[in-house]
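Structural characterization, general
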Amino acid sequence: MAKSTTTLFLLSCSIALVLLNGCMGQGRMREMQGNECQIDRLTALEPTYRIQAEGGLTEVWDTQDQQFQCSGVSVIRRTIEPNGLLLPSFTSGPELIYIEQGNGISGLMIPGCPETFESMSQESWREGMERGMRGGRFQDQHQKIRHLRQGHIFAMPAGVAHWAYNSGNEPLVAVILIDTSNHANQLDKDYPKRFYLAGKPQQEHSRHHHRGGESQRGEHGSDGNVFSGLDTKSVVQSFGVSEDIAEKLQAKQDERGNIVLVQEGLHVIKPPSSRSYDDEREQRHRSPRSNGLEETICSARLSENIDDPSKADVYSPEAGRLTTLNSFNLPILSNLRLSAEKGVLYRNAIMAPHYNLNAHSIIYGVRGRGRIQIVNAQGNSVFDDELRQGQLVVVPQNFAVVKQAGEEGFEWIAFKTCENALFQTLAGRTSAIRAMPVEVISNIYQISREQAYRLKFSRSETTLFRPENQGRQRREMAA
Amino acid sequence: MAKSTTTLFLLSCSIALVLLNGCMGQGRMREMQGNECQIDRLTALEPTYRIQAEGGLTEVWDTQDQQFQCSGVSVIRRTIEPNGLLLPSFTSGPELIYIEQGNGISGLMIPGCPETFESMSQESWREGMERGMRGGRFQDQHQKIRHLRQGHIFAMPAGVAHWAYNSGNEPLVAVILIDTSNHANQLDKDYPKRFYLAGKPQQEHSRHHHRGGESQRGEHGSDGNVFSGLDTKSVVQSFGVSEDIAEKLQAKQDERGNIVLVQEGLHVIKPPSSRSYDDEREQRHRSPRSNGLEETICSARLSENIDDPSKADVYSPEAGRLTTLNSFNLPILSNLRLSAEKGVLYRNAIMAPHYNLNAHSIIYGVRGRGRIQIVNAQGNSVFDDELRQGQLVVVPQNFAVVKQAGEEGFEWIAFKTCENALFQTLAGRTSAIRAMPVEVISNIYQISREQAYRLKFSRSETTLFRPENQGRQRREMAA
Amino acid sequence: MAKSTTTLFLLSCSIALVLLNGCMGQGRMREMQGNECQIDRLTALEPTYRIQAEGGLTEVWDTQDQQFQCSGVSVIRRTIEPNGLLLPSFTSGPELIYIEQGNGISGLMIPGCPETFESMSQESWREGMERGMRGGRFQDQHQKIRHLRQGHIFAMPAGVAHWAYNSGNEPLVAVILIDTSNHANQLDKDYPKRFYLAGKPQQEHSRHHHRGGESQRGEHGSDGNVFSGLDTKSVVQSFGVSEDIAEKLQAKQDERGNIVLVQEGLHVIKPPSSRSYDDEREQRHRSPRSNGLEETICSARLSENIDDPSKADVYSPEAGRLTTLNSFNLPILSNLRLSAEKGVLYRNAIMAPHYNLNAHSIIYGVRGRGRIQIVNAQGNSVFDDELRQGQLVVVPQNFAVVKQAGEEGFEWIAFKTCENALFQTLAGRTSAIRAMPVEVISNIYQISREQAYRLKFSRSETTLFRPENQGRQRREMAA
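Residues numbered from 1 in each chain as written. Chains lettered and ligands numbered in written order. Predicted model: local features only at pLDDT ≥ 70, side-chain atom pairs only at ≥ 80, totals over all residues. Heavy atoms only, no water.

A few points about the domain arrangement of chain A
All names here are of chain A.
- Per the domain assignment, the segments of chain A are domain 1 (49-121 + 137-205 + 222-274) and domain 2 (307-423).
- Each partner contributes residues to the interface: domain 1 has 23 residues there, and domain 2 has 24 residues.
- Here domain 1 packs against domain 2, burying approximately 2100 Å² in sum over the two surfaces, 72% of which is carbon and sulfur.
- On the domain 1 side of the contact with domain 2, Leu 96, Tyr 98 and Ile 153 bury the most area, a combined 25% of that side's loss.
- At the boundary of domain 1 and domain 2, one finds zero salt bridges.
- One can count seven residue pairs in polar contact (both at pLDDT 80 or more) joining domain 1 with domain 2.
- Mapped onto the side of domain 1 that touches domain 2, the elements with two or more residues apiece are helix H3 (66-71), strand E3 (74-80), strand E5 (95-101), strand E10 (152-156) and strand E12 (172-178).
- Looking at the side of domain 1 that touches domain 2, its residues break down into 14 nonpolar, five polar and four charged. (Domains from an automatic or database assignment. Contact = heavy atoms within 4.5 Å. Buried area = accessible area lost by both parts, 1.4 Å probe. Salt bridge = Lys/Arg side-chain N within 4 Å of Asp/Glu carboxyl O. Polar contact = N/O pair within 3.5 Å; in protein donor to acceptor, adjacent residues only side chain to side chain. Helix = DSSP H or I, 4+ residues; strand = E, 2+ residues; numbered from the N terminus. Nonpolar A, V, L, I, M, F, W, Y, C, P; charged D, E, K, R; others polar.)

Right, dumping it as structure tokens:
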């Protein structure tokens, strides 16, 4: 009996079943109150609210927009200036972070993980203390520090506090998706809450934000961090520090906002940065720091370069490329139940009409512009517009979509609400049309068998189509 | 540490835990807004809306009825006339399909699966093209074609497009449950949406349907298929076809509805039909087509004959039989998180009072008529009526239910909202009463120990009870 | 391909990933309508409704209170008098039961499990019958009987009927959490329903209850058990008993309420009670009854002593102890998706400020009193009050909390809405502060490096802090 169970179990975990069911197989169910996805018209969205801080800017998309209500996510874009430090914080839903520009470092505070990064000096605690008090160099220990690099997707589990620092010379720009309808979020499903460990930052998502609004530093002074609401005496007792330090933790006088400037730059121990396009796994293999913890969450790979052309899953020298990050190539995504896709379409090239079987797709324009058409269940066009850099549109589950690059080409990042999002193309070599017998095609479209044959076999490309090849194809047909 | 995890893991997957928890163990959580299951009165439901098409009829149960709101499902019944072809479509929730009558074939379009069905000729693509254009026989390739047979349950994963064709001589009648509150459905929870790949069919579930309504072909002309909402030029470019073919895809002139007639019959390559009551697995084992893909979703078994008497799980020559399909005998159901039960009660026989631990049960009368009693948590009768062929009633989770066949016997199919739905009988040899000590029974019911003993042990049958044996039992007691 | 899947699978089940993600990894998603957790102010809650029965009392917390709406649970406290028997019942959500006081026994009715407890006599059924009718001792068989002991947590799967009996000399007091937003509950999410197999008890949770109300026996006569709503003739037929026995099952005249008194005490076969603080597993190993079913749900361990000091996970002779029950030490909890924590703080000791990453925490005061402070995402104090024995407060996911015992010490039980609830301390040796580089701490709190160093390293304890050690710590620092 035990044996048959094991067999059954292995069967149900076979790669093919997972491939099809992915999301379903692992119990994702998004939180929805009914019919937020009754969508008649979509528009390309830009951020509607800005929060300015000392060291950078947070731009917020309106969570109450129907597109976000349907997909159950929130999106913000963060710009951290050079030497800017994002205060440590966490949210109740997982985050998927795309580094649109720049480079930096980030530290996560994961419960139960050891402080594996340490300075080389072998001084004792007491000696370090004394040297510290004399202004010397501290001996320090802290948890792993990770690099943030342009083109990377970074997966942040729900509830894990983290800080980020721009160690480069240009602004660090990140597009951040927070999955509020995720199973991990037992808290507010409408407005994701961010809990800060320091400072007195304003909440990013709030029912009090008005569209087009902007907040300057120092405004909305009622917000605080996790220590602000404690009795100062309790902070004193908990940390064993003096009252003035406790008040610094409570940050009642801090007007710098959620991103602060580090005047002389942040000097922390961090591993040498590998060349761009080396992923962290390779780096780890080369590293002499291997400590036997590689397989734990403490050292789990949380990021992957999705821009690296060598990692493309679909590639056409004439049309572009498509790269997918899912639970198969970034396993932590199975816990987040999110995945991502990076698309690059060359001038006028087309991504085949397709639909997502098991996920919403939140598309953000990274470069250039493209025409996107989206069709709902009634066969009506709900979006036929250009998406430009910095704009965002949601393609709901099962809605048909077709993309065509403009003159300067088009790049996008798509966040998907399933760890193994699947799409089905409707034209091309692996499409639904190819799966049907010619006789069926002929009858459902009321065309002759010859026409059905041509419809079925004319496009030999799979997902990304060369532009303007309609003419050539036709000539081939006629030949 | 790794070792202990594995052990723990195996333990938690042991068959017994799975048996009890089934549904729970795999994370099903149905989407409900609170108390739709505060049920005072149920009625036997019949379809309230009819959609007539060229090749058949679709009858729709009112999704807004409290019974469907509570169970989070929608139900339709489709009648496909001989030579009728149901246009390819998909929905965002999984479907469980019971073939009430007739025979046919169906093709699924699963992303990533190969076109494994092909005609025998070894012509090249170009030769085929040319022969095709000369009106000769086409060389064709397409995905697997599956048989639809009376008495089968067919499991359709969410988002997978499929068509169906009645290849028999009598109408093909199917009762279809769509699980809108399923984890796989991230779209509309109130009205399941159906996306068609062809034609201009009307949506089956809509807030605009009025009870008792009927739609003729050509009405509700605003609906369309996934191509209808695209710019025709985009369709031309995507498929590399002429504009008139693109317009055929968009089906703006198609008034045939969702089921069309194939005048001279559909001639597609399909495997030889096995005798009725041979399941697909057996057929596959005999087939010389075995291609090493048996364990993938592409060739997964999706259907099983639930009417076959030889598969009964409970059988009494005097009372009837009960057959269950769950994730143990049709593994794909673990992905759908649905299961099914077929019941046959002979004249006046009784199915023991019982409740479903972990699922709602949607009961559809297949033949004859039976008296059904349903009791809620307050101990009130919420249903005490006859269920006839073609009628439907929902038994909410945990509600007690008892069924008794009428003079001509009673057959039903029950769809259950858990992949391993469990029920607990309240009378009979495996019942809750048998699990309690006589002392407890005596005290809770305020009866003597002798009476408690009799109550506990009088019925020696398990689930299906002979009719009118009360008298005989009593005599046995007294003997 | 199959091989790589297996590897991937094992990876994703590695203990570390499970440790972090627990709840998330297994698909819990709680049912919430949006923002019930927008909490500005919490209060210590006491039961608001009392239901008096012949053999005991049920006290009900108001399910409509925001704290329960946010956490998606309901709580009751049951006091069963000596010789009191709680009528068999089940609910659609799983229950976690803490035995606050007393001892007793309980029998579960699990479908498919054998009646493994039997009296020693080897009489045949008929002989037993006859002896029974002569008033002799019955030969009886029933399912396993389990002990209820003070300090134990008992896990009750959804839908499993069970009875309980106070076999001791003092009242048996149990605090019972019902997880209404659990994936297993497909029924009413607002008011958990309890289905009784006997008697005519009143529903515990109802929209008709008014705060501060009390119900005497015999009131609210409209409620009944699962048999009450059936036609009496159907009961007669189903059980093969006479009409007067059937009417006893339907309990139309029973005014005893949900807990009845067993006049001369309940005499059932039960295993010898092991010494307190022996867990059931050990007991099973010693037992000669081992029957090869140990690994099934029928014999699964459902309870564990959480009060036993020897099982503490965190222990400080000066501050107190903390004991956790989760799916690693009580595997059935992975099916319930709940866990529990028992805390004991000595006089004036402090539990470090912390937050729960992936769960709500429902705290019930067991002994003494403690000051609890809770802080929301905006940094506002939402609770700063004393929690006394018998009171309850909910700490929502991610909210910061700090506890300090009063003069007589403080003990609590916390129910958590995740099978592997994790918390992150904010002060102490394993805290988030320790995970950050000193440089970061210095910058985010605007303090010098020396101060940051001191803040980071001053507290060397992990979770439970000695009282009044602030002074000593400081002296150490200054030394």
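Examining the environment of Gln186(C)
- Following the sequence through the fold, Gln186(C) ends up in the loop between strand E12 (172-178) and strand E13 (194-196).
- With 140 residues separating them along the chain, Gln186(C) and Asn326(C) place their C-alpha atoms 24 Å apart.

Quick look at the packing of aromatic side chains
- Applying the stated criterion across every chain yields a total of 21 aromatic pairs over all chains.
- Arranged with centres 3.8 Å apart and planes meeting at 10 degrees, the rings of Tyr355(A) and Phe90(B) form a pair that is stacked. Remark: Phe90(B) occurs in strand E4 (residues 84-91) and Tyr355(A) occurs in strand E20 (residues 350-356); the pair is interchain, linking two chains. There is no split in this pair, since Tyr355(A) and Phe90(B) are both buried.
- Relative to Phe457(A), the ring of Tyr453(A) lies with its centre 4.7 Å away and its plane at 45 degrees, an arrangement referred to as tilted. Placement of both Tyr453(A) and Phe457(A) in helix H11 (residues 449-457) is noted, with a separation of four residues, approximately one turn of the helix.
- Pairwise contacts between aromatic rings join Phe90(A), Phe195(A), Tyr355(C) and Phe399(C) into one cluster. (Phe/Tyr/Trp six-rings, centres within 6.5 Å; stacked < 30°, edge-to-face > 60°. Buried < 20%, exposed > 50% of the residue type's maximum accessible area, 1.4 Å probe, protein only.)

Thoughts on the sheet that holds E5(A)
Residues and elements named next belong to chain A.
- Reading across from one edge, E14-E1-E2-E3-E12-E5-E10-E16 is the order of the eight strands in this open sheet, with mixed pairing throughout. Each having just a single partner strand, strand E14 (213-215) and strand E16 (303-305) make up the two edges of the open sheet. Sheet twist, expressed as the average angle between the axes of neighbouring strands with direction ignored, equals 20 degrees.
- Alignment of E10 against E16, held across three bridges, turns out to be antiparallel. Paired with Phe 154 across the strands is Ser 303, a residue of E16. (Pairing = 2+ DSSP bridges. Axes fitted to C-alpha atoms, helices over the stretch in contact; angles between N-to-C directions.)

Digging into the pattern of salt bridges
- Overall, the coordinates contain 77 salt bridges over all chains when judged by the stated rule.
- Salt-bridge contacts for Glu304(A) lead to Lys311(A); the nearest nitrogen and oxygen are separated by 2.7 Å.
- Assessed through its relative accessible area of 4%, Glu304(A) is described here as buried.
- In this structure Lys311(A) comes out as partly exposed when scored by relative accessible area, which is 23%.
- Note that Glu46(C) is salt-bridged to Arg388(C), the shortest N-O span being 4.0 Å. Here Arg388(C) lies in strand E22 (residues 381-388) and Glu46(C) lies in the loop between helix H2 (15-25) and strand E1 (49-53), a separation of 342 residues in the sequence.
- Taking relative accessible area as the criterion, Arg388(C) reaches 32% and is therefore assigned partly exposed.

Describing the environment of Arg77(A)
Residues and elements named next belong to chain A.
- Relative to the assigned elements, Arg 77 resides in strand E3.
- Look past the residues within four positions of Arg 77 in its chain and what remains in contact with it is Pro 47, Leu 57, Thr 58, Glu 59, Trp 61, Glu 100, Val 173, Ala 174, Val 175, Tyr 364 and Gly 390.
- At 2.8 Å, the side chain of Arg 77 and the side chain of Tyr 364 are in polar contact.

Some thoughts on the state of the cysteines
All names here are of chain B.
- Applying the stated rule across the entire model yields six disulfides over all chains.
- One disulfide in the model links Cys 113 with Cys 298; its S-S distance is 2.0 Å. With the S-S dihedral at roughly -90 degrees, the linkage between Cys 113 and Cys 298 falls on the left-handed side. Residue Cys 113 is found in the loop between strand E6 (103-109) and strand E7 (117-118), and its partner Cys 298 is found in the loop between helix H7 (280-286) and strand E16 (303-305); the two are separated by 185 residues along the sequence.
- With relative accessibility at 8%, the residue Cys 113 sits in the buried group.
- Across chain A, the way the bonded cysteines pair up, counted in sequence order, is 1-2, 3-4. (Disulfide = S-S within 2.5 Å.)

With respect to the UniProt feature "domain: Cupin type-1" (unreviewed entry) in chain A
- The UniProt entry lists residues 42-247 and 304-453 of chain A under the feature "domain: Cupin type-1" (unreviewed entry), expressed in the numbering used here.
- Between the C-alpha atoms that bound residues 304-453 of chain A there is a distance of 42 Å. The span itself is 13% helix and 48% strand. (UniProt positions renumbered as here; feature names shortened; annotations may be inferred.)

Quick look at the sheet that holds strand E10 (residues 152-156) of chain C
Residues and elements named next belong to chain C.
- Within the open sheet, the eight strands sit side by side as E14-E1-E2-E3-E12-E5-E10-E16. Their pairing is mixed. The outermost strands of the open sheet, each flanked by one partner alone, are strand E14 (213-215) and strand E16 (303-305). Taken pair by pair, the neighbouring strands of this sheet meet at an average axis angle of 20 degrees, ignoring direction.
- Relative to E12, strand E5 (residues 95-101) is paired through six bridges, and the arrangement is antiparallel. What sits directly across from Tyr 98, in E12, is Val 175.

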